[in-house]
Amino acid sequence: MRLLLLPGAHCTSRIWDRLRPYLKDYEIDAPDYPHDITTMAERPEAIAAWVYECFHDRAYRAVIGHSLGGILALQLAHDGMNLGRIVLLDTNLKPAGPFYRNLMTPAHMETLGDLVLPMLREEGAFYNPGLRSALQKSFDYTGLLRGISQPVWAIYGDRGVPDYADRMQDLLLPEDALQRMILRFVPDACHMMMLENPEGLYRILWEVLRDE
């Protein structure tokens, strides 16, 4: 069985390095977005078109998209790719509340910051300002949930606050979007959950990927 792993904005496939050992039973496609694509792309659809061109002839058990990668996953489902199940990792379909606006927990920032922050700076230099704006200001991608038949899991880090009462409300999503998704939360993790707590993330992915 094959998985498609799509990184978030300003990220490379290195973000999956700590999760890959848990996915050893799967064939994995984990592309890096070419700089000539991200430099020219003003909307996520342009990157989705590149992914489609490269991988549309393959069938996947699931697509796992981090942040921007989750938006691409939904777009690719609309474009007719054989994606099986759709998994969104800390993907904001609309701007979320302050609870979700953090990269890593303070403890993980100490241990992983030297890996993550240079990557974000280096890759960010190759992103079109229009694309950055499309991911940061007054965006709404909830419409991508309509018209697709696949199950959609939305997995978020619990920010180290597992009993936070307003974690659903702070996603700031309309009720129909929340009802369309199966929500799960990875403990002791924020936006970079695949690096912060790969085992905790895999426990949820096992539920997603297993045979029904």
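Scroll up to find the structure this text is about.
A few points on the structure.

Reading the values: the criteria
Residues numbered from 1 in each chain as written. Predicted model: local features only at pLDDT ≥ 70, side-chain atom pairs only at ≥ 80, totals over all residues. Heavy atoms only, no water. Phe/Tyr/Trp six-rings, centres within 6.5 Å; stacked < 30°, edge-to-face > 60°. Helix = DSSP H or I, 4+ residues; strand = E, 2+ residues; numbered from the N terminus. Buried < 20%, exposed > 50% of the residue type's maximum accessible area, 1.4 Å probe, protein only. Expected span 1.5 Å × (residues − 1). Contact = heavy atoms within 4.5 Å. 1 Å grid on protein atoms, 1.4 Å probe; cavity = no way out; pocket = protein on both sides within 12 Å on 5 of 7 lines; lining within 4 Å. Points joined across faces, edges and corners; volume = space filled by probe spheres on them. Salt bridge = Lys/Arg side-chain N within 4 Å of Asp/Glu carboxyl O. Pairing = 2+ DSSP bridges. Right-handed = clockwise from strand over helix to strand, strands pointing away. Axes fitted to C-alpha atoms, helices over the stretch in contact; angles between N-to-C directions. Parallel < 35°, antiparallel > 145°, perpendicular 65-115°, else oblique. Left-handed = near helix turned anticlockwise from the far one by under 90°. Nonpolar A, V, L, I, M, F, W, Y, C, P; charged D, E, K, R; others polar.

## Some thoughts on the packing of aromatic side chains
One pass over the full model with this rule turns up six aromatic pairs. Aromatic side chains tyrosine 156 and phenylalanine 185 sit 6.2 Å apart centroid to centroid with 35° between the ring planes, which places their arrangement in the tilted category. With tyrosine 156 in strand β5 (residues 152-157) and phenylalanine 185 in strand β6 (residues 181-186), this pair connects stretches of sequence that are 29 residues apart. Tyrosine 156 sits in the buried class, given a relative accessible area of 1%.

## Structural notes on helix α8 (residues 198-209)
The terminal C-alpha atoms of α8, which comprises 12 residues, lie 15 Å apart, in line with the 16 Å expected from a rise of 1.5 Å per residue. Those residues of α8 that fall on the buried side of the exposure criterion are Pro198, Gly200, Leu201, Ile204, Leu205, Val208 and Leu209. Summarising the contacts, the buried residues of α8 are in contact with β1 (2-6), β3 (62-66), β4 (85-89), β5, β6 and α7 (193-196).

## Here we look at unusual backbone geometry
Even without glycine at this site, leucine 172 takes up a positive phi of about 55°. With respect to the helices, strands and loops of the structure, leucine 172 is situated in the loop between β5 and α6 (175-180).

## Let's talk about the layout of surface pockets
Here the largest pocket defines a volume of roughly 620 Å³. Ser67, Asn92, Leu135, Gln136 and His191 are, among the 22 residues lining the largest pocket, the residues nearest its centre. Of all elements in the fold, only α3 (68-78) and α5 (129-136) reach the threshold of two or more residues within the lining of the largest pocket. Counting residues per element, the lining of the largest pocket draws most heavily on α5, which supplies three residues.

## Details of the pattern of salt bridges
Summed over the entire model, instances satisfying the criterion amount to eight salt bridges. With a shortest N-O distance of 2.8 Å, arginine 58 and aspartate 29 are connected by a salt bridge. In this pair, arginine 58 is assigned in the loop between α2 (44-55) and β3 and aspartate 29 in strand β2 (residues 27-29), connecting sequence segments 29 residues apart. When the shortest N-O distance is used, the salt bridge between glutamate 199 and arginine 203 registers 2.9 Å. Taken together, the residues glutamate 199 and arginine 203, both in helix α8 and four residues apart, mark about one turn of the helix.

## Digging into the pairing of β5
The buried fraction of β5 amounts to six of the six residues, a majority that puts the element mostly inside the structure. Residues of β5 alternate between two faces, with Val152, Ala154 and Tyr156 on one and Trp153, Ile155 and Gly157 on the opposite face, all of them buried. As judged from the four bridges shared by β4 and β5, these two strands associate in the parallel manner. Of the residues in β5, the one forming a bridge with valine 87 is tryptophan 153. The pairing of β5 with β6 spans six bridges and is parallel. Considered in β6, the bridge of alanine 154 is made with leucine 183. The parallel pair β5 and β6 is bridged by α6, and the resulting crossover is right-handed.

## Remarks on the packing of α2 against α3
When two helices pack together, their arrangement is given by the angle between the helix axes and the distance between those axes. One can describe the packing of α2 onto α3 by two numbers: an axis separation of 9 Å at closest approach and a directional angle of 65°. The angle between α2 and α3 falls in the class roughly perpendicular. Considering the relative orientation of α2 and α3, their crossing is right-handed. Between α2 and α3, the residues in contact are Pro44, Glu45, Ile47, Ala48, Val51 and Tyr52 and Leu68, Ile71, Leu72, Gln75 and Leu76, respectively. Residue composition of the contact of α2 with α3, by class: nine nonpolar, one polar and one charged.

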